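Chain and residue survey
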Amino acid sequence: RMITIWPNEVVADARGVRIFGTLRGVFSTYRVEIGKGREPREWQAVGNPSSDPVDQGLIVRIPAEQLKGIKQGVVRITAESKAGVKKIAEVPINL
């Protein structure tokens, strides 16, 4: 089976950013990172890697403190299988 990453809703408010959607399949872990601007050159980890699948739920919550200085950015979700196969989804955000 393949890895499916489908972020379908971004909610931004004074508390931070929440990304909802689906992340499932044969993956061992996934990690979330944020980068500044539309084409980030540097990425900052958000939380710890996870192995929990998500089905139409909250994939990640990024606290407002971690978003300071970012007006436009990209959230990158990378899932990796035990065999080393990676699937990446990038979600643009505007604050």
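Scoring rules and cut-offs
- Residues numbered from 1 in each chain as written.
- Predicted model: local features only at pLDDT ≥ 70, side-chain atom pairs only at ≥ 80, totals over all residues.
- Heavy atoms only, no water.
- Helix = DSSP H or I, 4+ residues; strand = E, 2+ residues; numbered from the N terminus.
- Rg over C-alpha atoms; globule rule 2.2 N^0.38 Å.
- Buried < 20%, exposed > 50% of the residue type's maximum accessible area, 1.4 Å probe, protein only.
- Contact = heavy atoms within 4.5 Å.
- Areas by Shrake-Rupley, 256 points an atom, 1.4 Å probe, with all protein chains shown as cover.
- Lys, Arg positive; Asp, Glu negative; His and termini not counted.
- Charge placed at Lys NZ, Arg CZ, Asp CG, Glu CD.
- Pairing = 2+ DSSP bridges.
- Axes fitted to C-alpha atoms, helices over the stretch in contact; angles between N-to-C directions.

**A look at the overall build of the protein chain**
- Helix and strand counts for the protein chain stand at 0 helices and 7 strands.
- Tracing the protein chain from N to C terminus, the helices and strands come up as β-β-β-β-β-β-β.
- For the protein chain, the C-alpha radius of gyration of 13 Å lies close to 12 Å, the compact-globule estimate for 95 residues.
- Dimensions of the protein chain, computed from C-alpha atoms along their principal axes, come out at roughly 40 × 25 × 20 Å.
- For the protein chain, with 95 residues in total, the buried portion stands at 39%.
- Put simply, of all contacts in the protein chain between residues at least 6 apart along the chain, 59% involve residues at least 24 apart.
- Accessible surface, the protein chain: about 6,000 Å² in total, of which carbon and sulfur atoms supply 48%.
- Within the protein chain, one finds 15 positive and 10 negative side-chain charges whose respective centroids are separated by 1 Å.

**Overview of the sheet that holds strand 5 (residues 54-63)**
- On the basis of which strands lie adjacent, the open sheet formed by 3 strands has the order 1-2-5 and antiparallel pairing. The open sheet has two free edges, formed respectively by strand 1 (4-13) and strand 5, since each of these has just one partner strand. Direction aside, neighbouring strands of the sheet carry axes that sit 25 degrees apart on average.
- Pairing analysis gives 9 bridges linking strand 1 to strand 2 (residues 16-24), with the strands arranged antiparallel.

The analysis is restricted to geometry; functional conclusions fall outside its scope.
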